[in-house]
Amino acid sequence: MSKRLSEREQLTLFRALPHGDMALRDSQDLMAYPFFSLAKSPRIVPIRFDAGGMSLTVEGVPEHGIATIWDADVLIWAASQIIQAKKEGIAPSRLMVATPYEILRFARRGTGRSDYLALRAALDRLQSTTVATTLRQRERPNGATRVHRFSWINEWKEYIRPDGRSDGIELILADWFFTGVMEEALVLTLDPTYFRLSGGIERWLYRLVRKHGGRQPAGWRFEMRHLHLKSGSLQRHSDFAIQVRQLARRQALPGYQLSMERSGGIEWLAFRPGSAEPSEGDL
């Protein structure tokens, strides 16, 4: 009987490319739905979202909590690498290898010991967080709904030198994520200053606005309560609304003009492409 190959042995190792001026790219699915915690403190309460026939449940473990919007920087790095490789005629793979330094510098982070430890914690959360969704799942012939369950990273390993320094990280991306990125129509570029946005709601709102606003001259708008639902935030609606109003007042999102509107007692956030540049104090 032949030995069954492990997942790693079935994949071709993809060495990360030098990021240089590589464009930031993100999955539209991750930008449109509440896949990540917006809080820096560990979140154990599951994220549940149901709308338009699509369901989504995200769960974490007590030891690590749910993967955060900052942890998603690793996935932005991965998506950017995959698309860049395709453009250069290089076959990408779910099995990726890079140094922690390369990932941290791409995400515009420091490279001190605390930054390396934060990256390791992010990888742990990405692996231990589980997602169950019907998004991009075809309906069965008998009308049954298919749910795809996965973790953002199937596994990861680190090579440690004798002096304790990291010599590289290998990780295997979820097939659901990799497949979505390989379909370039499901990927959008992000403003280069995205990584300078420090707040969880700021980062989430920029990605949502970028996904739905695009470059439509007339812009887009969301009713505040629906916006709160789409965020997956545990904040009270009133506190969430205050933060969104503050972001609109400061014009904190790069490349978009925000405004608050009221109609029939309903509050809306409207946004359209513009030249708004967040100030240093807002980042």
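The rules behind these values
- Residues numbered from 1 in each chain as written.
- Predicted model: local features only at pLDDT ≥ 70, side-chain atom pairs only at ≥ 80, totals over all residues.
- Heavy atoms only, no water.
- Pairing = 2+ DSSP bridges.
- Helix = DSSP H or I, 4+ residues; strand = E, 2+ residues; numbered from the N terminus.

A. Representation of the sheet that holds strand S8 (residues 153–160). Strand order in this open sheet of four strands is S1-S5-S9-S8, and the pairing throughout is mixed. Two strands close off the open sheet at either side, each with one partner strand: strand S1 (14–15) and S8. Note that S8 and strand S9 (residues 166–173) share seven bridges and pair antiparallel. Directly across from isoleucine 153, in S9, lies its bridge partner leucine 173.

B. Unusual backbone geometry, seen in detail. At arginine 108, a residue that is not glycine, the phi angle is positive and equals roughly 60 degrees. You can see arginine 108 is positioned in the loop between helix H4 (100–106) and helix H5 (113–128). We note that glutamine 251 has phi near 50 degrees; this positive angle belongs to a residue other than glycine. Inspection of the secondary structure puts glutamine 251 in the loop between helix H9 (237–250) and strand S12 (256–263).

C. Here's a closer look at the pairing of strand S4 (residues 54–59). The pairing of strand S3 (residues 47–51) with S4 spans five bridges and is antiparallel. What sits directly across from arginine 48, in S4, is threonine 57. In sequence, S3 turns back onto S4 through a hairpin of two residues, with glycine 52 there showing a positive phi of about 55 degrees. Summarising the sheet, S4 and strand S6 (residues 130–133) pair through four bridges and their orientation is antiparallel.

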